[in-house]
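Okay, here's what each chain looks like letter by letter:
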Amino acid sequence: MARPKKSERTLLESLAELRQAGVQMPENSIDSLDEVGDLKIRIKKILNILQDSPIKAYEMTYLIMYDISDNKVRGHISKYLERQGCIRVQRSVFIARSENKRFQDILETLKEINEFYENEDSIMLVPVNAGDVRSMKLIGKNIQLDTLINPPNTLFF
């Protein structure tokens, strides 16, 4: 006998089920080591967003940053953002390029989640100009960001 298909639940529905099951939202949670992936792969994904075809008038590039104390809520939000096509830059920072309507949908969903339980968490959605992101500087890892953003024009004969 085949296993029944898993039903798709929204992030808000998942959090409601956790609350109904009696899961308490702790005051201060220790930050879990979320899997953020290799830095070179993340930079390549970011650059694909920025160097893709020209941005249409109804598209926008934006950063989503959050400071959420609860591990479960933070995990649900990160999975939700990944399902929405956002690319993780750091543990609590995502970048996305989408239509304004999707941006508004994500904004409304995150507002609902933040109002769902008492907290002092913060979530920021910041529209950015693709040129500004191209001019960002990276401190830490030894990666030549300029070469990745603006590959040299070299012709070999």
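Within each chain, residue numbers correspond to sequence positions counted from 1 in written order. Only residues with pLDDT of 70 or above have their local features reported here, since the model is predicted, and side-chain atom pairs are shown and tallied only from 80 upward, although totals for entire chains, interfaces and linings are computed over all residues. As a rule here, side-chain values cover all heavy atoms of the structure and leave hydrogens and water aside.

Caption draft 1: Here's a closer look at the nonpolar core. One finds Ile64, Ile77, Leu81, Ile106 and Leu110 to be the most contacted residues of the largest nonpolar core, which totals 21 residues. Helix and strand labels come from DSSP, where a helix needs a run of H or I of at least four residues and a strand needs a run of E of at least two; each type is numbered from the N terminus. Of all elements in the fold, only helix H1 (11-20), strand S1 (59-67), helix H3 (71-83), strand S3 (93-99) and helix H4 (100-116) reach the threshold of two or more residues within this core. Any two residues having at least one pair of non-hydrogen atoms within 4.5 Å are treated as being in contact. Once residues lying within four places of it in the same chain are set aside, the contact partners of Leu81 are Ile64, Tyr66, Cys86, Phe94, Ile106 and Leu110. Take the buried residues of types Ala, Val, Leu, Ile, Met, Phe, Trp, Tyr and Cys, join any two whose side-chain atoms come within 4.5 Å, and each joined set is a nonpolar core. Burial here depends on accessible area, computed with a 1.4 Å probe over protein chains only, as a share of the maximum for the residue type. Under 20% is buried, over 50% is exposed, and the range in between is partly exposed.

Caption draft 2: Representation of the packing of H3 against H4. Across the interface, H3 lies against H4 with an axial gap of 12 Å and an inter-helix angle of 170°. Taken together, H3 and H4 sit at an angle that is classed as roughly antiparallel. Between H3 and H4, the contacting residues are Val73, Ile77, Tyr80 and Leu81 on the first element and Asp105, Ile106, Thr109, Leu110 and Ile113 on the second. For the contact of H3 with H4, the class distribution of residues is seven nonpolar, one polar and one charged. Fitted lines through C-alpha atoms give the axes, limited to the stretch in contact for helices. The angle between two N-to-C directions lies from 0 to 180 degrees. Small angles under 35 degrees read as roughly parallel and large ones over 145 as roughly antiparallel, with 65 to 115 read as roughly perpendicular and the rest as oblique. Charged residues are taken to be Asp, Glu, Lys and Arg, nonpolar residues to be Ala, Val, Leu, Ile, Met, Phe, Trp, Tyr, Cys and Pro, and polar residues to be all remaining types, Gly included.

Caption draft 3: Structural detail: the packing of aromatic side chains. What counts as a ring pair is set by centres within 6.5 Å for rings of Phe, Tyr and Trp (its six-membered ring), and what kind of pair is set by the plane angle: stacked under 30 degrees, edge-to-face over 60, tilted for all other angles. If you walk through the whole model with that rule in mind, you get two aromatic pairs. A ring pair is formed by Tyr66 and Phe94, whose centres lie 6.2 Å apart and whose planes are at 25°; its orientation type is stacked. With a gap of 28 residues between them, Tyr66 in strand S1 and Phe94 in strand S3 connect regions that are remote in the sequence. Residue Phe94 is classed as buried on the basis of its relative accessible area of 0%.

Caption draft 4: Structural context of the sheet that holds S3. One open sheet accounts for four strands, arranged S2-S3-S1-S4; its pairing is antiparallel. In this open sheet, the two strands that pair with only one neighbour each are strand S2 (87-90) and strand S4 (122-128). Going across the sheet, the axis of each strand differs from the next one's by a mean of 30°, ignoring polarity. Only when DSSP finds a minimum of two bridges between them are two strands counted as paired. Here S2 pairs with S3 via three bridges, running antiparallel. Residue Ile87 lies in a different strand from S3, and its bridge partner there is Ile95. Docked against the sheet, H3 engages S1, S2, S3 and S4, running at close to 170° with respect to S1. Relative to S3, H4 is tilted by about 135°, and along the sheet it contacts S1, S3 and S4.

Caption draft 5: Focus on the packing of H1 against H4. H4 packs onto H1 with a crossing angle of 15° between their chain directions and a minimal axis gap of 10 Å. It follows that H1 is roughly parallel to H4 by the angle criterion. Between H1 and H4 lies a crossing whose hand is right-handed. Together, Leu11, Leu12, Leu15, Ala16 and Arg19 of H1 and Glu112, Ile113 and Phe116 of H4 make up the contact between the two elements. By residue class, the composition of the contact of H1 with H4 is six nonpolar, no polar and two charged. Whether a crossing is left-handed or right-handed is set by the direction in which the near helix is turned from the far one by less than a right angle, anticlockwise for left-handed and clockwise for right-handed.

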